[in-house]
Amino acid sequence: MRVVIVDDEPLARSAMRRLLAAHAHVEIVGEAESAEAARALMSSQHPDLVFLDIELGGGSDGFDLLDTLERPPIVVFVTAFAEHAVEAFAVNAVDYLLKPVEPQRLEAALERAARQRALSALPPGPGVIELRTPRRTLFATPAEIVAITADGDFTRVFVAGQPAVMILRTLAHFEELLPAPSFVRLGRSVMINRDRLRSLEAPTRSTGRLVLEGMAHPLTIGRAATARLREILASGRS
């Protein structure tokens, strides 16, 4: 895997080099300390993965850099600030590492990046779903899709082990695309992969909470969707 390190701190770049040296499948093809240098480096080297600091100095940051790239590589943010995590996953970063980076967390990030790289190399077809966002295109097999929730003309797709992605597609599009009986629509705004359902809880009379394999947090659904799911589970119908 071809890797670029982007950080305005020389000591941070050196620390990342030492950590990556333990991974034989990783080739560091360049380093940059500014957004401008990083842009030129990625244009010439076409890395698979970038370890990207958020605060780069010079009035620019890692998010600004990504906005200027036509085809950004897979991104792992490396930063001292936890408060940017939500924004980082909104741009489909595969991981968010806090400094000082722990070897175990780096290994997990590399595994996520390798998995995403392998999926991206697959052409869209009957067994691969294309998830296109404004910044990148992700690929996933149906079995890897955990749940889909609707938000107007958009849907939020939850892929196992990945940040959710917002797609300009309706839930009806995915209902036609994904196979039954594994995928069941529970109402106007939610569809789940029943094969990944681990438990259904009802903390209140008006809501249900689903524990789904591959999602970091339970998915909350309404009373009608909870009733629909109970009916499906009881009858075995799709």
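Up top is the structure these notes are about.
Predicted, not measured: the structure shown is a model, and the values here were computed from it. Counting of residues starts from 1 at the beginning of each chain's written sequence and follows it residue by residue. Note on the predicted model: pLDDT of at least 70 is required for a residue's local features to be given, and 80 or more for side-chain atom pairs to be given and counted; whole-chain, interface and lining totals, by contrast, use all residues. Water and hydrogen atoms were dropped before computing side-chain values, which therefore reflect all heavy atoms in the structure.

Trainee: When you look at the nonpolar core in this model, what are you seeing that I'm missing?
Mentor: In globular proteins that are soluble, nonpolar side chains generally tend to be buried together. Within the largest apolar cluster, 22 residues are counted, with the highest numbers of intra-cluster contacts made by Val6, Val50, Leu52, Leu65, Leu66, Val75 and Phe77. Here a helix means four or more residues in a row that DSSP labels H or I, a strand means two or more in a row labelled E, and each is numbered from the N terminus. It is helix H2 (residues 35-45) that contributes the most residues to this core, 4 residues altogether. Any two residues whose heavy atoms approach within 4.5 Å are treated as being in contact. The residues touching valine 6, leaving out its near neighbours within four places in the chain, are Ala32, Ser34, Ala38, Val50, Phe51, Leu52, Asp53 and Leu56. Within this scheme, the nonpolar core is defined by two criteria: the residues are buried Ala, Val, Leu, Ile, Met, Phe, Trp, Tyr or Cys, and they are joined through side-chain atoms within 4.5 Å. The classification of residues rests on relative accessible area computed with a 1.4 Å probe and restricted to protein chains. Under 20% of the type maximum is buried, over 50% is exposed, and intermediate values are partly exposed.

Trainee: Can you walk me through unusual backbone geometry in this structure?
Mentor: Excluding glycine, residues mostly carry a negative phi; peptide bonds, for their part, are mostly trans. Residue proline 100 follows lysine 99 across a cis peptide bond; omega there is -5°. Structurally, proline 100 is set in the loop between strand S7 (95-98) and helix H5 (103-120).

Trainee: Help me out: how do you make sense of the pattern of salt bridges in this one?
Mentor: Any two side chains of opposite charge can pair, given that their charged atoms come close. Salt bridges are defined by distance alone: a side-chain nitrogen of Lys or Arg within 4 Å of a carboxyl oxygen of Asp or Glu. On inspection of all chains with the given rule, the structure shows 11 salt bridges. Of the charged contacts, one joins lysine 99 and glutamate 9 as a salt bridge, the two residues approaching to 3.9 Å between their closest N and O atoms. With lysine 99 in the loop between S7 and H5 and glutamate 9 in the loop between strand S1 (2-6) and helix H1 (10-20), this pair connects stretches of sequence that are 90 residues apart. Between arginine 105 and aspartate 95 there is a salt bridge, with the nearest N and O atoms lying 2.7 Å from each other. Highlighted residues: arginine 105 in helix H5 and aspartate 95 in strand S7, separated in sequence by 10 residues. Among the residues examined, arginine 105 registers a relative accessible area of 33% and is labelled partly exposed. Beyond isolated ion pairs, a larger network of salt bridges with shared partners links Asp7, Glu9, Asp53 and Lys99.

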